[in-house]
There are 2 protein chains.
Amino acid sequence: VDADGVVTLTGDRYGLCGQKLPYLLPWVERTMGIAIPLTGLHTPHYPPAIPESRLPQSVAQALAQILAPEQILTEGVQRLRRGHGQTQEEMYAIKYGTLARVPDVVVLPHSEAQVVALMELAQRHDVCLLPYGGGTSVTEALRCRADEDRCIIAVDMAKMNRILWVDPINRMACIEAGAVGRHIQAALKSQGFTMGHEPDSIEFSTLGGWIATHASGMKRNKYGNIEELVLDMNVVTPKGVMSRQQVAPRESAGMDVRRAMFGSEGTLGIITQAVVKLYDLPAVQQYGSVIFPSFEDGVAFLYELTQKNVLPVSVRLVDNIQFQLSQALKGEKKGLQAFKSQAEKLFVTRIKGFDPERMVACTMVYEGSEEEVARQQKEVLALAAQHRGINGGPQNGERGYQLTFGIAYIRDFVMNHYLLAESFETSVPWSRVLERCDRVKRRVEREHAARKLPGRPLITARVTQMYATGVAVYFYFAYFFKGVADPSGTYSAIEAAAREEILAAGGSISHHHGVGALRRAFLPKIMSEAALTLRAETQRAFDPKGVLTANCQPNHKAAQH
Amino acid sequence: VDADGVVTLTGDRYGLCGQKLPYLLPWVERTMGIAIPLTGLHTPHYPPAIPESRLPQSVAQALAQILAPEQILTEGVQRLRRGHGQTQEEMYAIKYGTLARVPDVVVLPHSEAQVVALMELAQRHDVCLLPYGGGTSVTEALRCRADEDRCIIAVDMAKMNRILWVDPINRMACIEAGAVGRHIQAALKSQGFTMGHEPDSIEFSTLGGWIATHASGMKRNKYGNIEELVLDMNVVTPKGVMSRQQVAPRESAGMDVRRAMFGSEGTLGIITQAVVKLYDLPAVQQYGSVIFPSFEDGVAFLYELTQKNVLPVSVRLVDNIQFQLSQALKGEKKGLQAFKSQAEKLFVTRIKGFDPERMVACTMVYEGSEEEVARQQKEVLALAAQHRGINGGPQNGERGYQLTFGIAYIRDFVMNHYLLAESFETSVPWSRVLERCDRVKRRVEREHAARKLPGRPLITARVTQMYATGVAVYFYFAYFFKGVADPSGTYSAIEAAAREEILAAGGSISHHHGVGALRRAFLPKIMSEAALTLRAETQRAFDPKGVLTANCQPNHKAAQH
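Residues numbered from 1 in each chain as written. Chains lettered and ligands numbered in written order. Predicted model: local features only at pLDDT ≥ 70, side-chain atom pairs only at ≥ 80, totals over all residues. Heavy atoms only, no water.

1. Side note on the relation of the copies chain A and chain B
With an RMSD of 0.0 Å, the fit of chain A onto chain B corresponds to turning through 180 degrees and sliding 0.0 Å along the axis. Here the two chains are linked by the operation of a two-fold rotation axis. In terms of C-alpha distance to the rotation axis, chain A has A:T538 as its closest residue, with the C-alpha 2.7 Å off the axis. (Least-squares fit on C-alpha atoms with pLDDT ≥ 70 in both.)

2. Considerations on the side chain of B:E367
Residue and element names in this part refer to chain B. Along the chain, E367 falls in strand β16 (residues 360-368). Side chain to side chain, E367 and Y223 meet in a polar contact 2.5 Å long. Setting aside chain neighbours within four positions, we find E367 in contact with K219, K222, Y223, P282, V284, Q285, V313, V373 and Q376. (Helix = DSSP H or I, 4+ residues; strand = E, 2+ residues; numbered from the N terminus. Polar contact = N/O pair within 3.5 Å; in protein donor to acceptor, adjacent residues only side chain to side chain. Contact = heavy atoms within 4.5 Å.)

3. Quick notes on the sheet that holds strand β14 (residues 284-292) of chain A
Residue and element names in this part refer to chain A. If you walk across this open sheet you meet the seven strands as β17-β14-β16-β15-β19-β20-β18, and the pairing is antiparallel. Here the strands that pair on one side only, and so sit at the sheet edges, are β17 (390-391) and β18 (419-429). In terms of strand pairing, strand β15 (residues 314-318) meets strand β19 (residues 458-467) through two bridges, oriented antiparallel. Across the sheet, residue L317 finds its bridge partner in β19, namely V463. Of the strands in this sheet, β14, β15, β16 (360-368) and β19 touch helix α10 (residues 295-307), which is tilted by about 160 degrees from β15. (Pairing = 2+ DSSP bridges. Axes fitted to C-alpha atoms, helices over the stretch in contact; angles between N-to-C directions.)

4. Quick word on the sheet that holds strand β3 (residues 72-73) of chain B
Residue and element names in this part refer to chain B. One open sheet accounts for four strands, arranged β3-β4-β6-β5; its pairing is mixed. Two strands close off the open sheet at either side, each with one partner strand: β3 and β5 (128-132). Inspection of the sheet shows β5 paired to strand β6 (residues 152-156) by five bridges, in the parallel sense. When the bridges of β6 are listed, L129 appears paired with I153.

5. Brief notes about the pattern of salt bridges
On inspection of all chains with the given rule, the structure shows 68 salt bridges over all chains. When the shortest N-O distance is used, the salt bridge between A:E537 and B:K239 registers 2.2 Å. Taken together, the residues A:E537 in helix α18 (residues 529-542) and B:K239 in the loop between β10 (230-237) and β11 (240-242) connect one chain to another. Among the residues examined, A:E537 registers a relative accessible area of 18% and is labelled buried. As a salt-bridge pair, B:D412 and B:R411 come within 3.0 Å of each other at their nearest N and O atoms. Here B:D412 falls in the partly exposed class, since its relative accessible area comes to 22%. The buried category is assigned to B:R411, whose relative accessible area is 11%. (Salt bridge = Lys/Arg side-chain N within 4 Å of Asp/Glu carboxyl O. Buried < 20%, exposed > 50% of the residue type's maximum accessible area, 1.4 Å probe, protein only.)

6. Brief notes about unusual backbone geometry
Here the amide bond leading from A:Y46 into A:P47 is cis, since omega sits at -5 degrees, within 30 degrees of zero. In this model, B:H214 sits at a positive phi of 60 degrees, which is unusual for a non-glycine residue. Tracing the sequence through the fold places B:H214 in the loop between α7 (207-213) and α8 (220-223).

7. Topic: the confidence of the model for chain A
It should be kept in mind that the predicted coordinates are not to be read in detail where pLDDT is low. Residues and elements named next belong to chain A. Of all residues in chain A, 94% have pLDDT values of 70 or greater, and the mean over the chain is 92. Counting interchain partners and residues more than four positions distant, the pLDDT-below-50 stretch residues 555-561 has 16 contacts. Across the assembled chains, the prediction reports ipTM 0.94 with pTM 0.95. (pLDDT = per-residue confidence, 0-100.)

8. Things to note about a negative patch on the surface
Negative charge collects at one region of the surface, where A:E370, A:E371, A:E372 and B:E379 lie side by side. Element by element, the count of residues in the negative patch is highest for helix α13 (residues 370-386) of chain A, at three residues. With respect to the element layout, B:E379 can be found in helix α13 (residues 370-386). (Patch = residues over 30% accessible without salt bridge, like charges linked within 9 Å, V, L, I, M, F, W, Y side chains within 5 Å. Areas by Shrake-Rupley, 256 points an atom, 1.4 Å probe, with all protein chains shown as cover. Lys, Arg positive; Asp, Glu negative; His and termini not counted. Charge placed at Lys NZ, Arg CZ, Asp CG, Glu CD.)

9. Section: the packing of aromatic side chains
Residues and elements named next belong to chain A. Counting across every chain of the model gives 26 aromatic pairs over all chains. Summarising the aromatic geometry, the rings of Y92 and F481 are spaced 5.8 Å apart at their centres and angled 80 degrees between planes, so their arrangement reads as edge-to-face. One end of the pair, Y92, is in helix α4 (residues 88-96); the other, F481, is in the loop between β20 (470-480) and α16 (487-504), with 389 residues separating them in the sequence. Take Y92: its relative accessible area is 12%, and that puts it in the buried class. We classify F481 as buried; its relative accessible area is 2%. Geometrically, the ring pair formed by F424 and F475 is stacked, given 5.4 Å between the ring centres and 25 degrees between the ring planes. (Phe/Tyr/Trp six-rings, centres within 6.5 Å; stacked < 30°, edge-to-face > 60°.)

Structural data, given as structure tokens:
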């Protein structure tokens, strides 16, 4: 940020590096009714004080029997990195506070055999294992319990990142669990395939993490969510290696314990590899966008699109605030480009009569053969027109997707300017989408006002996935915390209130982020006592000694008491 | 069957009643190299001797506190009916032998509360509950262990068959687990919807049974298999009622214990109701068929169809023997119809040069709007032509599907004529389909020959489901047992050999029938010891007293010892 409040992007991977964003801060100030300080910043002091390692000599010796020296990390910053994810609480804590407990040692196994040896070691020495993938958890699933007295070993899967085999005929690949999304994507692409799983975290998140969090990718309309993409997996559990002798396209072989791994969040075992489906790379990929006069029109359009089953590979609907944000994120305009942009805006607002404070945008990705993409576009635009939508062109579509990737970076730097921002998400039946978005927004505003916080909260919603029965909704909430006593705790309290509002009328606890430690208190609100008991006891069946409970998972403890 | 060996169909529901089948028995005799006796039949003596009920007075009194007298059945035939499924072993036993153990009493709860009361009673009195849906199990999942000394209560879910609510906006319905497929279909149809799940057993099988067996319907290309159709369920477990406060389109809420119910085969709890997805009834449904010169051509066609993702709602490929069987099942031809049929045959065999001993047929069902169906048909026929396929028309397609529904009836009556027949199925990657079908057939022939059984075995395969990664294959095997000492045991031994052959080269233990008692011995061949242990211990977590283990499930016992 320069002295004029012009933001310049740096260092991200999406082709935006060096771009100047002159409209961003002015828009934020106007929308939130605040003045963002450009001096006297809230300067972070990373790294924070890091708790001493409690690695016992006996465990260190046992580790040295299994792993080479370079596979064992004890430096504070290394241990810190494996002891947190990306929630605002964690980011705020490492920048401005401390973490009470982090892993005592980090290990990087090279093979399933080494993971097995680590699991045996953990049980023998009564220590904890904390599986670590890309570190993109947003549920405090990596955060160590402050009262965990046992030694905690973070098992970083980064070295288990190979594609073990590709079967081009049967369209399967066996991939190690530590492989990172963008590497999987690139490696498969070189062979003409994709697994089609593209979560917003694809830059860092891993195959094992996708399974453990029950992840969803933006292209699930075509490829499915993670549970539909994984055909088999190997898991090192405290009871041994859960594996299969063969990979079936689909089977009925009694209760399938592998299914428990989806959403297991590191508590049942360490996933070492998985067999996933492969798809041909699409011949054509094309962005698109449609502008609607209101969020209501957009939702009605999405509903019809879904029921008619003409969904492009990805469709998203952003509300007015997020639409404005995406406009504010535009770079400097020059010459013809500026003229065209202005003319478009005039057309939409003057000629079509769209209200700039109400209009919203839908962004799409189309994939397939040239004919398929052309047919999809035609069908989508025809339906959109019936809902008063007008074609916004491919560039606006592409910008919408880039915003998603860039927003985590923006979130991190604006913290220095006293802005705390975070996302949370849910899924909800169609009939409740509008009510739900509205109630969450109003609740956040009420909570914000009740605490007499400065300015106005920024709260915005995006519909990111469509199902025949409902949608996933993604919220961003930001507030200005200059002068606020406990910025992070205040944020958490407001977010918890929003979650209550979500659950109260049929929204889910999470669509794809998961529960972790962050949302565990809400579990009794969504499932019966027997369901909770069965979860806890299944966890105990997998892990009777609680080797995998360093990350605040309550189930095991619940079962014991 | 009349004195000339002409079969006349009676009493089935598929519009074939009264139809004469003059070609069936001659074809069977020619193919199997046998003479089917029309007199001196192998007459069944149903019902067999039925074991006395061991219902203790105390349990009878406790049941009377929960249920009305008409909800409690103690007659022998009623108990027998709930103590077996439809395997050849079970059908042979009830016709020509006995069952060593059947339930001691049958109860028909009306509500989830009554099921809860039964579960409590069972735990208090140390008796077993055996959940019963439509009785169409083909895995001996209903057969009671001969050495089960505890009282066995069959819980017939027939009275819990209501559609509790339909949500037309969010496309969901909540249906009690005892509802039978064809009733669900009719009830939803009257409201303009379908759940799209059409297993071949739809006439009798229930929603609860579909979940417990991890069922697959013939239209899964469009609607998905049962696990993709069920959004939520209530289960009465020994630990209480597993239920949720809301139904999410999709969620990430940690390990989801409901998923354990798919394939649970009655061992984890009694499913009482489920929320399922709804789809609009299609505007058009149309059958189709294509004739290919060989099975190899047909498989190559299916592979391309699948990879190009232009699958009609159902596609099946039958091998030459099954193609011949469907021709032999044609009724009497008269006038123009006979002429056309003859002309078609001449065209295929004379003009196109197809070998009647090698040609095969693919049958399809198309669904959608008129345009969609027309487009699908065009695409499918164009692809078929590239694989030397010629259009066989809609009637041959429809006949193919009717054969599937009728074959269970045929299987039952031919037993009187010393023919024992049964199906078994698997799923297998694409690259192994041809090898697998061939090896199973040759293995059955070898096993048949080694036992010096009369004539030749009839063994035939059908590809019934296509996935990007492989297919489901359905086999029928029949043999002539006149003069054979242990007809049913001999069949089982040959089927077990075929299963070994399937597993040995990457076929699954079952695609959708399940494991039950019939195939449990094969489990260690498909999964690791740890996976078996975790299954058993998860089962024990649900059911520590083994209330749900009357049906020969070995997991629980394995975990105890």
